[in-house]
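# Architecture and fold: a report
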Amino acid sequence: MSRAAEKSVSVRTSSTKTSLPRTIGRIALGAFLLFAGISHLTWSRAEFLAQVPSWVPLDRDAVVLLSGVTEVGLGGALVALPGRRITVGWLVAVFFVAVFPGNIAQFVTRTDAFGLDSDRARGIRLLFQPLLVVWALWSAGVLHRGRR
């Protein structure tokens, strides 16, 4: 093998490596998304319907179903596609940003769902959304990319 080919192989190999904590974090986040997505589609559908803001110009049930299917897909991809983790990590982060207005609407309209029955509880929930974005980016290796 030529020296250039060896360099190419080592670069490709090093770009696919990740740490054990990141791998555990990515799989845990994937499992969380799978669970949340399945719950959107089944036993918690009514709770999720209550969280869809009235200003969303789509059928509320369609929004819940689409977000559930999206969560199942993203969660499955985090678990099953480690070679695509950077792309999937970005997609998960974008998803968490996209649903944040719904969390804000739940706070503003004081909608009770999932035990979030006070302004304090809903406010604390809002603080966790940026942490989910960071978790997605960190566990997928996006925040680590470029470091040696």
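Residues numbered from 1 in each chain as written. Predicted model: local features only at pLDDT ≥ 70, side-chain atom pairs only at ≥ 80, totals over all residues. Heavy atoms only, no water.

### Concerning the overall build of the protein chain
On a plain count of helices and strands, the protein chain comes out with 6 helices and 0 strands. Counting helices and strands in the order they occur from the N terminus, the protein chain gives α-α-α-α-α-α. Put simply, the protein chain has 148 residues, and 35% of those count as buried. Contacts in the protein chain between residues at least 24 apart in sequence constitute 69% of all its contacts with a sequence separation of at least 6. (Helix = DSSP H or I, 4+ residues; strand = E, 2+ residues; numbered from the N terminus. Buried < 20%, exposed > 50% of the residue type's maximum accessible area, 1.4 Å probe, protein only. Contact = heavy atoms within 4.5 Å.)

### Some thoughts on helix H2 (residues 20–41)
Given a rise of 1.5 Å per residue, 22 residues ought to cover 32 Å, and the 32 Å separating the end C-alpha atoms of H2 matches this to within 8%. The opening residue of H2, the one whose side-chain oxygen lies 3.3 Å from the backbone nitrogen of Arg22, is Ser19. (Expected span 1.5 Å × (residues − 1). Polar contact = N/O pair within 3.5 Å; in protein donor to acceptor, adjacent residues only side chain to side chain.)

### Observations regarding the packing of helix H5 (residues 85–108) against helix H6 (residues 119–139)
Relative orientation and spacing of two packed helices are given, respectively, by the angle between their axes and the distance between those axes. In the contact formed by H5 and H6, the axes pass within 8 Å of each other and the chain directions differ by 170°. Regarding the angle of H5 to H6, the classification is roughly antiparallel. Along the contact surface, H5 presents Gly89, Trp90, Val92, Ala93, Phe96, Val97, Val99, Phe100, Asn103, Ile104, Gln106 and Phe107, while H6 presents Asp119, Arg122, Gly123, Arg125, Leu126, Gln129, Leu132, Val133, Ala136 and Leu137. Residue composition of the contact of H5 with H6, grouped by class: 14 nonpolar, 5 polar and 3 charged. (Axes fitted to C-alpha atoms, helices over the stretch in contact; angles between N-to-C directions. Parallel < 35°, antiparallel > 145°, perpendicular 65-115°, else oblique. Nonpolar A, V, L, I, M, F, W, Y, C, P; charged D, E, K, R; others polar.)

### Quick look at the UniProt feature "transmembrane region" (unreviewed entry) in the protein chain
According to UniProt, the feature "transmembrane region" (unreviewed entry) maps to residues 62–81, 88–106 and 126–143 in the numbering used here. Secondary structure across residues 62–81 divides into 95% helix and 0% strand, with the first and last C-alpha atoms of the span separated by 27 Å. Taken end to end, residues 88–106 is 100% helix and 0% strand, and its two terminal C-alpha atoms sit 27 Å from one another. (UniProt positions renumbered as here; feature names shortened; annotations may be inferred.)

### What about a nonpolar patch on the surface?
On the surface, Ile124, Leu127, Phe128 and Leu131 cluster together into a nonpolar patch covering about 410 Å² of accessible area. Structurally, Leu127 is set in helix H6. (Patch = residues over 30% accessible without salt bridge, like charges linked within 9 Å, V, L, I, M, F, W, Y side chains within 5 Å. Areas by Shrake-Rupley, 256 points an atom, 1.4 Å probe, with all protein chains shown as cover. Salt bridge = Lys/Arg side-chain N within 4 Å of Asp/Glu carboxyl O.)

### A few points about unusual backbone geometry
Positive phi is not limited to glycine here, since Arg110 has a value of about 60°. The topology assignment puts Arg110 in the loop between H5 and H6. The class of Arg110 is exposed, set by a relative accessible area of 54%. At Phe114, a position not held by glycine, the phi torsion is positive, near 55°. Relative to the helices and strands, Phe114 resides in the loop between H5 and H6.

### Overview of the layout of surface pockets
Of the voids in this model, the largest pocket is the one considered here, and its volume is about 800 Å³. Along its surface, the largest pocket is lined by 31 residues, and His40, Phe48, Gln51, Val99 and Asn103 are the ones closest to its centre. Secondary structure elements with two or more residues in the lining of the largest pocket: H2, helix H3 (45–51), helix H4 (60–80), H5 and H6. Here the element with the most residues in the lining of the largest pocket is H5; it accounts for 8 residues. A per-class count over the lining of the largest pocket returns 20 nonpolar, 9 polar and 2 charged. (1 Å grid on protein atoms, 1.4 Å probe; cavity = no way out; pocket = protein on both sides within 12 Å on 5 of 7 lines; lining within 4 Å. Points joined across faces, edges and corners; volume = space filled by probe spheres on them.)

### Re the packing of H2 against H5
Where H2 meets H5, the closest approach of the two axes is 12 Å, and the angle between their N-to-C directions is 45°. When the interaxial angle is binned, H2 and H5 end up oblique. Once H2 is placed against H5, the crossing between them reads as left-handed. In this structure, H2 contributes Arg26, Leu29 and Leu33 to the contact, and H5 contributes Arg85, Val92 and Phe96. (Left-handed = near helix turned anticlockwise from the far one by under 90°.)

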